[in-house]
Amino acid sequence: MRRKAAERPLPPAEDHAARFARQREADRTATAEDYVELIADLLREEGEARAVDLARRMGVSQATVTATVGRLQRDGLVETKPYRGLFLTAAGEKMAASAKARHDLVVRFLIAVGLDPETAEEDAEGLEHHASEKALAAFARFLAEREGGGR
């Protein structure tokens, strides 16, 4: 069977497996980043972050939040205080700030290439976790050139 000119051949098996492994790790990290980013937002906007608020805003059950928060505690990202809700550790705050910066960069890039702000926000939720550091650096360069060149 002849291959179309636009089709690329499959990469070697080891490279292919490594790509999928990176994607699986990005999926695991994405959940932690989403949680710590939302906890940081709730603490900033409402002064507290409670499991019930996380469940409502993420559209998941409280049992899911409880299990995820337990994992985040074991990973040293979140602390709970009796009758006071959830708090971020220094590592959690660092992760939340990094996730927010990536999210904001991806949103700005998508808007710059013509996407409407609402769709850019929605699409950034997935892209921010899966874009490589090289891609993020390219987005930042593009924005810097665009913003610097327009003045």
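Above this text you will find the structure in question.
In what follows, the accompanying structure is described. (Residues numbered from 1 in each chain as written. Predicted model: local features only at pLDDT ≥ 70, side-chain atom pairs only at ≥ 80, totals over all residues. Heavy atoms only, no water.)

## A look at the nonpolar core
Short version of the rule: Throughout this description, the term nonpolar core refers to a set of buried Ala, Val, Leu, Ile, Met, Phe, Trp, Tyr and Cys residues connected via side-chain atoms within 4.5 Å. Three exposure classes are used, based on accessible area relative to the maximum for each residue type with a 1.4 Å probe and protein chains only: buried under 20%, partly exposed in between, and exposed over 50%. Here a strand is any run of E in DSSP of at least two residues, a helix any run of H or I of at least four, and the numbering for each starts at the N terminus. Here, two residues are considered to be in contact whenever any of their heavy atoms come within 4.5 Å of each other.
Ile 39, Leu 54, Val 78 and Leu 86 are the most contacted members of the largest nonpolar core, which totals 17 residues. Within the residue set of this core, elements represented by two or more residues are helix 1 (13–46), helix 2 (51–58), helix 3 (62–74) and strand 2 (85–88). Counting residues per element, this core draws most heavily on helix 1, at six residues. For Leu 86, the contacting residues outside a window of four places in its chain are Ile 39, Leu 43, Ala 49, Arg 50, Ala 51, Leu 54, Val 69, Val 78, Glu 79 and Thr 80. Grouped together as the second largest cluster of nonpolar side chains are eleven residues, Leu 105, Val 107, Phe 109 and Ala 112 included.

## Remarks on helix 3
In plain terms, the rule: A helix is expected to reach a length of 1.5 Å times the quantity of its residues less one.
If you check helix 3, its first and last C-alpha atoms are 18 Å apart, about what 13 residues at 1.5 Å a residue would give, namely 18 Å. Within helix 3 the residues assigned to the buried category are Val 65, Thr 68, Val 69, Gly 70 and Leu 72.

## Notes on the environment of Ser 98
Mapped onto the secondary structure, Ser 98 falls in helix 4 (residues 90–112). Judged by relative accessible area, Ser 98 falls into the partly exposed class, the value being 37%. Expressed as a C-alpha distance, the spacing of Ser 98 and Arg 19, which sit 79 residues apart in the sequence, is 23 Å.

## Re the packing of helix 2 against helix 3
So the rule is basically this: The axes are straight lines fitted to the C-alpha atoms, using for helices just the contacting stretch, and the angles between their N-to-C directions are given from 0 to 180°. Roughly parallel means an angle under 35 degrees; roughly antiparallel, over 145; roughly perpendicular, 65 to 115; everything else is oblique. We call a crossing left-handed when the near helix sits turned anticlockwise from the far one by less than a right angle, and right-handed when that turn is clockwise.
Where helix 2 contacts helix 3, the axes come no closer than 9 Å and their chain directions differ by 115 degrees. One way to sum up the angle between helix 2 and helix 3 is to call them roughly perpendicular. Considering how the two elements wind past one another, helix 2 and helix 3 form a crossing that is right-handed. For the pair helix 2 and helix 3, contact is made by Ala 51, Val 52, Leu 54 and Ala 55 and by Gln 62, Val 65 and Val 69, respectively.

## A closer look at the side chain of Asp 53
By the element assignment, Asp 53 lies in helix 2. Of the residues examined, Asp 53 reaches a relative accessible area of 5% and is grouped as buried. Not counting chain neighbours up to four residues away, the residues in contact with Asp 53 comprise Leu 42 and Glu 46.

## Remarks on unusual backbone geometry
Even without glycine at this site, Tyr 83 takes up a positive phi of about 65 degrees. Relative to the elements of secondary structure, Tyr 83 occurs in the loop between strand 1 (78–81) and strand 2.

## Description of the environment of Arg 56
The residue Arg 56 is located in helix 2 in this model. Each C-alpha atom, one on Arg 56 and one on Ala 131, is 27 Å from the other, the two residues being 75 residues apart in sequence.

## Let's talk about the pairing of strand 1
Let me state the cut-off plainly: Only when DSSP finds a minimum of two bridges between them are two strands counted as paired.
Of the pairings in the sheet, the one linking strand 1 to strand 2 comprises four bridges and is antiparallel in character. What sits directly across from Lys 81, in strand 2, is Gly 85. Between strand 1 and the antiparallel strand that follows it, strand 2, lie three residues; Tyr 83 among them carries a positive phi value of about 65 degrees.

## A look at the packing of aromatic side chains
We apply this condition: For Phe, Tyr and Trp, rings pair up if their centres lie within 6.5 Å, where Trp contributes its six-membered ring, and each pair is then called stacked (planes under 30 degrees apart), edge-to-face (over 60) or tilted (otherwise). Each ring is checked for a lysine NZ or an arginine CZ that lies within 6 Å of its centre and within 35 degrees of its normal; such an atom marks a charge sitting over the ring.
Across all of its chains, the model carries two aromatic pairs by this definition. Ring centres 4.0 Å apart and planes at 10 degrees place the aromatic pair Phe 109 and Phe 139 in the stacked group. One end of the pair, Phe 109, is in helix 4; the other, Phe 139, is in helix 6 (residues 133–149), and 30 residues separate them in sequence. Residue classification places Phe 139 among the buried positions, given a relative accessible area of 18%. Aromatic pair Phe 109 and Phe 142: ring centres 5.4 Å apart, planes at 75 degrees, arrangement edge-to-face. Taken as a pair, Phe 109 in helix 4 and Phe 142 in helix 6 lie far apart in primary sequence, 33 residues in all. For Phe 142, a relative accessible area of 32% corresponds to the partly exposed category. Three or more aromatic residues joined by ring pairs make a cluster, and in this case those are Phe 109, Phe 139 and Phe 142. Over the ring of Phe 87 we find Lys 81; its NZ or CZ atom is 4.6 Å from the centre of that ring.

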